[in-house]
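Listed here are the chains, written in short residue letters.
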Amino acid sequence: MPAPTAQVTKTYAQDTSSSIAFPAVEDPGVASRPFKSRPNAELAHDFLDLEFRMESGRANPYLSRFEGPISVKLQGAVPATAPADLAQVLGRLRNEAGLNVRFAKPQESASVTIEFLPRAKMQSLVPMAACFTVPRVQSWAEYQAERNGAKLDWTSVTHRDHVAIFIPSDAAPQEVRDCLNEETAQSMGPLNDLYRVADSVFNDDNFNSVLTQFDMLMLRLHYAPELRSGMNEAEVARHLPALLARYNPAGAYAGGQIGEIAPRVWISEVERAFGPVGSNSQRLAASNQMLHIAMTQGWHDNRLAFSLYAKGRSLATTDPTEAVKALRQAAQIYRSIPNTQIHLAHVDMQLAAIALAAGQNQQTIAFADRAIPVVKSAKNASLLATLMLIKAEALENLGQVAQARALRLDSLAWARYGFGSDEKVQARMADIASLGAHGTRG
């Protein structure tokens, strides 16, 4: 079908001059870099923090898991894409993490119940949650009845019998899939999220959207036969060296970093910088605070890179020169960290958008071309569609109209999966077209 038109008029132009010093585009083979295991001592520390801490900062005294086969069912206003996406998640959990998991039979009381309901209804009780997981209930009605009591306190759970996941039924297909990946894994395994762990969906930076090899290893450890529900941290820790030697022999080398959990004050600034409300100036202020805290903490890991990324993102439209400086610094850090190809692709998307608005069309195409293979591999449809549309604008600005039109058509399937409605797809296309039009004016 024809591509939706963006009502923005522009003329064709070659690259215009710009004072922005964009970084060189190198390493087009980044997508093919193999997964690199981190040292097992570092992985053991990550596992313990994922298992025995909560996002709120509270301690979680017990390892808890399902003992025996795990069944999963969907209920409520189930989106059309959800059954197939969940089947893929469960297949990976079986094949890569060794979990005994399956779809529940009709009328069976499932171990994990995934209920879909309208976003407005869900967020009337939990305003900031995209999706979430609670213990000891099997429906939204049961959650409503128990939400002010002690029954839903994860820190009191020593054994999992029933867990419920709640996901918006009116979310874009990719958001539904991403919730199915993270929440299904957390309903069965570790409960915490750690900003310091770059190669995981158990991280609220949201760079990884589907379960990674690190996540599968954490789940395999969680269900190791040597462990059992009700164990405390010291009991679990005693088993980890032998378990990691068995499940991750590639990590049997010295080194690594034993990082601490990010303080709540930094996490609060992350939420301000990336949350659904707030002006651009407020986001910039929050990102500056993120960076200040990261430097005060002495971090040199992906949390410092994320703080720089947040600053660059906030400055993209108001001070592109400073934005590029921050993004370049973020990229330098990410390149020093294993398994951060998708993080670099996000940086490249920001750089491509800035280059497009600056009239640097060849530079725009180079950034997009470097990122696109990585994003395809990571299965991030919304980011892929955005990169394709940015590249299409640059091609059109260079007079390559047929190629631009073909690329926009190719982007549509990804865009509909990533953004949901045609209205949202057209809005994204219009936003990117306006960047291209800005670039043609120099």
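Each chain carries its own residue numbering, running from 1 in the written order of its sequence. Thresholds applied to this predicted model are a pLDDT of at least 70 for local features of residues and 80 or more for the giving and counting of side-chain atom pairs; totals over whole chains, interfaces and linings are not thresholded and use all residues. Remark: hydrogens and water are excluded; side-chain values derive from all non-hydrogen atoms of the structure.

Draft legend 1. Here's a closer look at the overall build of the chain. Counting from the N terminus, the helices are the DSSP runs of H or I reaching at least four residues and the strands are the DSSP runs of E reaching at least two. The helix and strand tally for the chain stands at 16 helices and five strands. Radius of gyration means the value over C-alpha atoms here, while the globule rule gives 2.2 Å times the residue count to the 0.38 power. Taken against the 2.2 N^0.38 rule, which gives 22 Å for 442 residues, the C-alpha radius of gyration of the chain at 23 Å falls within 12% of a compact globule. Projected onto the principal axes, the alpha-carbon positions of the chain cover approximately 65 × 50 × 40 Å. Counting every position in the chain, which comprises 442 residues, the buried fraction comes to 54%. A fraction of 72% describes how many contacts in the chain between residues 6 or more apart in sequence connect residues 24 or more apart. Areas reported here follow the Shrake-Rupley algorithm with a probe of radius 1.4 Å; residue values treat only the protein chains shown as occluding. Here the chain has roughly 18,800 Å² of accessible surface; of this, 53% comes from carbon and sulfur atoms. Think of it in three bands: residues with accessible area under 20% of the maximum for their type are buried, residues over 50% are exposed, and the middle band is partly exposed, with areas taken using a 1.4 Å probe on protein chains only. By definition, residues are in contact when any of their heavy atoms lie within 4.5 Å.

Draft legend 2. Focus on the environment of N95. Its place among the elements puts N95 in helix α2 (residues 82-97). By relative accessible area, which is 64% here, N95 ends up exposed. With 242 residues separating them along the chain, N95 and I337 place their C-alpha atoms 27 Å apart.

Draft legend 3. Seen up close, the state of the cysteines. A pair of sulfur atoms, both from cysteines and within 2.5 Å, is called a disulfide here. Tallying each qualifying case throughout the model produces one disulfide. Through a disulfide, C131 is tied to C179; the S-S separation comes to 2.1 Å. Looking along the S-S bond of the C131-C179 disulfide, the torsion reads about -90 degrees, which is the left-handed sense. In this pair, C131 sits in the loop between α3 (119-123) and β4 (132-135) while C179 sits in helix α5 (residues 173-188), placing the two residues 48 residues apart along the sequence. In this structure, C131 and C179 share a single accessibility class: buried.

Draft legend 4. Structural context of the packing of aromatic side chains. Aromatic contacts are taken between Phe, Tyr and Trp rings whose centres are within 6.5 Å, Trp giving its six-membered ring; a plane angle under 30 degrees counts as stacked, one over 60 as edge-to-face, and the others as tilted. Scanning the entire structure with this criterion turns up 16 aromatic pairs. Each ring, one from F132 and one from F166, has its centre 5.4 Å from the other, and the planes form 55 degrees; the classification is tilted. Taken together, the residues span a long stretch of sequence, with F132 in strand β4 and F166 in strand β5 (residues 163-168) at a distance of 34 residues. Owing to a relative accessible area of 11%, F132 belongs among the buried residues under this scheme. Centre to centre, the rings of W140 and Y143 are 5.2 Å apart; their planes meet at 40 degrees, and the pair counts as tilted.

Draft legend 5. Spatial organisation of the sheet that holds strand β3 (residues 112-117). A sheet is described by the order of its strands in space; here five strands give the open sequence β2-β1-β3-β5-β4, paired in mixed fashion. Each end of this open sheet is capped by a strand with a single partner; those strands are β2 (101-103) and β4. If you compare each strand with its neighbour and ignore which way they point, the axes differ by 25 degrees on average. By definition, two strands form a pair when at least two bridges between them are found by DSSP. As judged from the six bridges shared by β3 and β5, these two strands associate in the parallel manner. Lines are fitted to the C-alpha atoms to define the axes, a helix being fitted only along its stretch in contact, and any angle between axes, read from their N-to-C directions, falls within 0 to 180 degrees.

Draft legend 6. Region of interest: the confidence of the model for the chain. When the pLDDT values of the chain are averaged, the result is 91; 93% of them are 70 or greater. In predicted models, pLDDT denotes the confidence assigned by the predictor to each residue on a 0 to 100 scale. Taken as a whole, residues 1-17 scores under 50 in pLDDT and shows 54 contacts with residues more than four places along the chain or in a different chain. Note that pLDDT drops below 50 for residues 28-32; the model gives that stretch five contacts with residues more than four away or on any other chain.

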